[in-house]
Amino acid sequence: MTREVAAAVEEVNQMGARLLRDFANVPEDRLNWTPSPTARSPLALVAHCGFSLGFICELLSGKPFAAPTTEQADAEHLALEKTITTRQQALDLWRANLTKYIALLESMSEEDMAKMVTLPFGLGAAPMSYMVSVGAIHTREHVAQLEYLQTVYGDRVW
């Protein structure tokens, strides 16, 4: 296992543990709560993280991201997230795609680290050695959102 992959696996596992811990502390009556109509709920955030790890796996495997714009991608993500209606569905999705993501990373070789990954939305390309960490980076950003939502509705225990 390359050092980049080892670091990425360690970080995504840490972020996953934090996501699961925070989500476990969301009361049932707050699963679908949002501070505004355009904000994701705790349930939608975890679903988004799960779906996104799946999309990141596809990206790292060479499949281009289908949506040509961020606006279209956002609309598609929001629609997908609405298909997840229970805590258990969100957890199952997260765990399945986390397992898939880690297996993909662990299958990569030193030579794979030099490959270029085509980024979505015409943003160019980035080396795989960087891209292997995108799952953890993306999850970290949404974990922070979940923790912020918890403080908005009064949960100060973290």
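Residues numbered from 1 in each chain as written. Predicted model: local features only at pLDDT ≥ 70, side-chain atom pairs only at ≥ 80, totals over all residues. Heavy atoms only, no water.

Asker: What is the right way to look at the side chain of Thr139 in this model?
Answerer: Positionally, Thr139 belongs in helix α6 (residues 134-152). Of the polar contacts made by the side chain of Thr139, one reaches the backbone oxygen of Gly135; its length is 2.7 Å. If near-sequence neighbours (up to four positions away) are discounted, Thr139 is found in contact with Met15, Cys49 and Trp94. (Helix = DSSP H or I, 4+ residues; strand = E, 2+ residues; numbered from the N terminus. Polar contact = N/O pair within 3.5 Å; in protein donor to acceptor, adjacent residues only side chain to side chain. Contact = heavy atoms within 4.5 Å.)

Asker: Explain the packing of helix α2 (residues 42-60) against helix α4 (residues 87-106) to me, please; I cannot follow it from the model alone.
Answerer: For any two helices packed against each other, the geometry comes down to the angle between their axes and how far apart the axes lie. The interhelical angle for the contact between α2 and α4, taken along N-to-C directions, is 25°, at an axis separation of 8 Å. Classified by the interaxial angle, the pair formed by α2 and α4 is roughly parallel. Of the two elements, α2 crosses α4, and the hand of that crossing is left-handed. Contacts between α2 and α4 involve Leu43, Val46, Ala47, Cys49, Gly50, Phe51, Leu53, Gly54, Ile56, Cys57 and Leu60 from the former and Arg87, Ala90, Leu93, Trp94, Asn97, Leu98, Lys100, Tyr101, Leu104 and Leu105 from the latter. (Axes fitted to C-alpha atoms, helices over the stretch in contact; angles between N-to-C directions. Parallel < 35°, antiparallel > 145°, perpendicular 65-115°, else oblique. Left-handed = near helix turned anticlockwise from the far one by under 90°.)

Asker: Even after reading the chapter, I still don't get the nonpolar core, so can you show me in this structure?
Answerer: When a protein is soluble and globular, its nonpolar side chains tend to lie buried together. If you look at the biggest cluster of nonpolar residues, it comprises 42 residues, and the most contacted ones within it are Phe23, Leu60, Tyr101, Leu105, Met108 and Val132. For this core, the leading source of residues is α2, giving eleven residues. Setting aside chain neighbours within four positions, we find Leu60 in contact with Tyr101, Leu104, Leu105, Met108, Val117, Met128, Met131 and Val132. (Core = buried A, V, L, I, M, F, W, Y, C linked by side-chain atoms within 4.5 Å. Buried < 20%, exposed > 50% of the residue type's maximum accessible area, 1.4 Å probe, protein only.)

Asker: So what exactly am I meant to see when it comes to unusual backbone geometry here?
Answerer: Negative phi values dominate among residues other than glycine, just as trans dominates among peptide bonds. Located in the positive-phi region is Phe121, a residue other than glycine, with phi close to 60°. We classify Phe121 as partly exposed; its relative accessible area is 29%.

Asker: Any chance you could explain the side chain of Glu4 here in plain terms?
Answerer: Along the chain, the position of Glu4 falls in helix α1 (residues 3-24). Classification of Glu4 by relative accessible area gives buried; the value is 18%.

Asker: Explanation requested: the pattern of salt bridges in the structure shown.
Answerer: Side-chain pairs of opposite charge can arise whenever the charged atoms involved come near each other. Considering all chains together, one arrives at ten salt bridges under this definition. Residue Glu11 pairs with Arg140 through a salt bridge whose shortest N-O separation is 1.8 Å. Of this pair, Glu11 sits in helix α1 while Arg140 is found in helix α6, placing the two residues 129 residues apart along the sequence. Judged by relative accessible area, Arg140 falls into the partly exposed class, the value being 27%. (Salt bridge = Lys/Arg side-chain N within 4 Å of Asp/Glu carboxyl O.)

Asker: I would appreciate a short explanation of the packing of α1 against α6 in the present structure.
Answerer: One can describe the packing of α1 onto α6 by two numbers: an axis separation of 9 Å at closest approach and a directional angle of 20°. Compared by their axis directions, α1 and α6 come out roughly parallel. Pair α1 / α6 crosses with left-handed handedness. Of the residues in α6, those touching α1 at Ala8, Glu11, Val12, Met15, Arg18, Leu19, Arg21, Asp22 and Phe23 are Gly135, Ala136, Thr139, Arg140, Val143, Ala144, Leu146, Glu147 and Gln150. Residues of the contact of α1 with α6, tallied by class, amount to nine nonpolar, three polar and six charged. (Nonpolar A, V, L, I, M, F, W, Y, C, P; charged D, E, K, R; others polar.)

Asker: Any chance you could explain α2 here in plain terms?
Answerer: In an α-helix, one turn spans 3.6 residues, which is why side chains three or four residues apart end up on the same side. The first and last C-alpha atoms of α2 sit 27 Å apart over 19 residues, in line with the 27 Å expected at 1.5 Å per residue. Judged by how many residues are buried, α2 sits mostly within the fold: 17 of 19 residues are covered. Remark: Gly62 follows α2 within two positions and exhibits a positive phi of approximately 100°. (Expected span 1.5 Å × (residues − 1).)

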